[in-house]
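Residue strings, one per chain:
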Amino acid sequence: SHILCQFVKQWYQRRVRGIKGNGNGNFYYITNYEKPVWQELSKKLSAGSIQAPTDKSSLIYDAFSLAEIGKLDYGTALDLTRYGINETEYTVLSRILNNVLSAGNTIQGDKDAMQKFWSYVASMLKPRIAEVGWTGNASESITMPKLRDMVIRNYCRAVANKTDPVVVEALEKFNKFADDPSKDNKAEIADVFVSITRTAIIYDNETDTNWHKMWDLLQNSEWEADQKNYMAALARSTNTTLLEWMVERSFDDNVRGDTWRYLYYVHVYGRQYDLSWKLLKKHWDKYAKKYNTSSFTMGYLTGMPGVFETTDMLNTVKEFFDSKSDNIGTGLKASKEALTEIQSNIKWRSKNADAVKTWFANL
């Protein structure tokens, strides 16, 4: 048996360059490799040697999952995304983009690194712009509308240039629709509706013209899906005075949409974490009276502080929630989870933030 084992080993070394496990992605497990192997896989992705979408998606998923738990350095995981400029599959590109954006969220305090981060995102998506276009056709794949929206929406956000042709066209389409929000005009922009509304707010002028147009669109909208989209776009404004006014107005009976969603969207889509925390505390009693018997709603609100990542904020959030034990209601579980998330964020930053910042800074 020993001789047979030696023979098999020698034959393997001569003839087999590698073994591909979980080829069709039917099983759930994560595979780690030695760093040189990850580096080689990154080169193969860039060279186009790995073509199956499931293989590419699995590699990205595994790398970032391992980085998240400290089993792989973030620089190695991010290196795998360099080939993304050539990726055309929606399922794979969306996974790459989501992980890159999540990494970017951790370095918002570093202006130089953030500038390079957004440049990296824009350069990754730019080659896809001409391919996806602005409107669909009957022969395109079922995922193309999602790819079109994802590419245009994130490119416009990343390019940070109001004169960029893609941004200019998105703004023109928004203004045309805002002037006449008929079904026919909306049908023309169906695939990029989210893209153009959010771009309109990101590149709004000093008098917030587009914001006010969109507020009117929201208040005149009968469709819940459209209302949610308008609210998510409005929340992206950098004018905190407007955002605070919007949250105040959300308590009026004649305002469209769910009251809690206005604040939640300022937090999620606007990433105005300090402002949303301030407004949650300011209006706590109103939210508690309205929602503390509705588990999912109060949970959304009490879970918001989970994004913080300092010991000071951990103590501040804990102290506040402890003081609201009488009316936190169904938000109690989510509030405890938020505290756990803050603790995890503190640990994560101490181990990984510098590596992520360095990777983008060195682009």
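You'll find the structure just up there.
These notes cover the structure that comes with them. (Residues numbered from 1 in each chain as written. Predicted model: local features only at pLDDT ≥ 70, side-chain atom pairs only at ≥ 80, totals over all residues. Heavy atoms only, no water.)

1. Let's talk about the overall build of the protein
Part 1: Scanning the protein for helices and strands turns up 19 helices and zero strands.
Part 2: The principal-axis extents of the C-alpha atoms in the protein amount to approximately 85 × 50 × 40 Å.
Part 3: Across the protein, every contact between residues at least 6 apart in sequence was considered, and the portion connecting residues at least 24 apart equals 69%.
Part 4: A total accessible area of about 19600 Å² is found for the protein, and carbon and sulfur atoms account for 50% of it.
Part 5: For the protein, the distance from the average position of its 47 positive side-chain charges to the average position of its 44 negative side-chain charges is 7 Å. (Helix = DSSP H or I, 4+ residues; strand = E, 2+ residues; numbered from the N terminus. Contact = heavy atoms within 4.5 Å. Areas by Shrake-Rupley, 256 points an atom, 1.4 Å probe, with all protein chains shown as cover. Lys, Arg positive; Asp, Glu negative; His and termini not counted. Charge placed at Lys NZ, Arg CZ, Asp CG, Glu CD.)

2. Focus on the side chain of S276
Part 1: You can see S276 is positioned in helix 15 (residues 273–282).
Part 2: With a relative accessible area of 1%, S276 lands in the buried category.
Part 3: Within the structure, S276 has its side chain in polar contact with the side chain of H267 (distance 2.9 Å).
Part 4: Ignoring sequence-local partners within four residues, the contact set of S276 consists of L263, H267 and M304. (Buried < 20%, exposed > 50% of the residue type's maximum accessible area, 1.4 Å probe, protein only. Polar contact = N/O pair within 3.5 Å; in protein donor to acceptor, adjacent residues only side chain to side chain.)

3. Here we look at the environment of R249
Part 1: Assignment of secondary structure puts R249 in helix 13 (residues 240–249).
Part 2: On the basis of relative accessibility, which here comes to 24%, the residue R249 falls in the partly exposed class.
Part 3: Sequence-wise, R249 and S46 are 203 residues apart; in three dimensions their C-alpha atoms are separated by 50 Å.
Part 4: Leaving out residues up to four positions away in the same chain, R249 has contacts with W215, N254 and V255.
Part 5: For R249, the side chain forms a polar contact with the side chain of D252, separated by 2.8 Å.

4. Observations concerning the packing of helix 7 (residues 144–159) against helix 10 (residues 193–202)
The description of two packed helices rests on the angle between their axes and on the distance between the axes.
Part 1: Between helix 7 and helix 10, whose axes approach to 9 Å, the crossing angle comes to 5 degrees. It follows that helix 7 is roughly parallel to helix 10 by the angle criterion. On the side of helix 7, the interface is formed by D149, I152, R153, C156 and R157, while helix 10 contributes V194, S195, R198, T199 and I202. (Axes fitted to C-alpha atoms, helices over the stretch in contact; angles between N-to-C directions. Parallel < 35°, antiparallel > 145°, perpendicular 65-115°, else oblique.)

5. A short note on the pattern of salt bridges
Part 1: Enumeration according to the criterion identifies 21 salt bridges in this entry.
Part 2: Residues R128 and E131 are paired through a salt bridge, measuring 2.9 Å at the closest nitrogen-oxygen approach. Note that R128 and E131 are positioned in helix 6 (residues 111–132) at a spacing of three residues, about one turn of the helix.
Part 3: Accessibility expressed as a relative area gives 46% for E131, which makes it partly exposed.
Part 4: The salt bridge partner of R349 is E309, with a shortest N-O separation of 3.3 Å. In this pair, R349 is assigned in helix 19 (residues 332–361) and E309 in the loop between helix 17 (295–303) and helix 18 (311–323), connecting sequence segments 40 residues apart.
Part 5: Through salt bridges that share partners, E244, E248, K278 and K282 make up one connected network. (Salt bridge = Lys/Arg side-chain N within 4 Å of Asp/Glu carboxyl O.)

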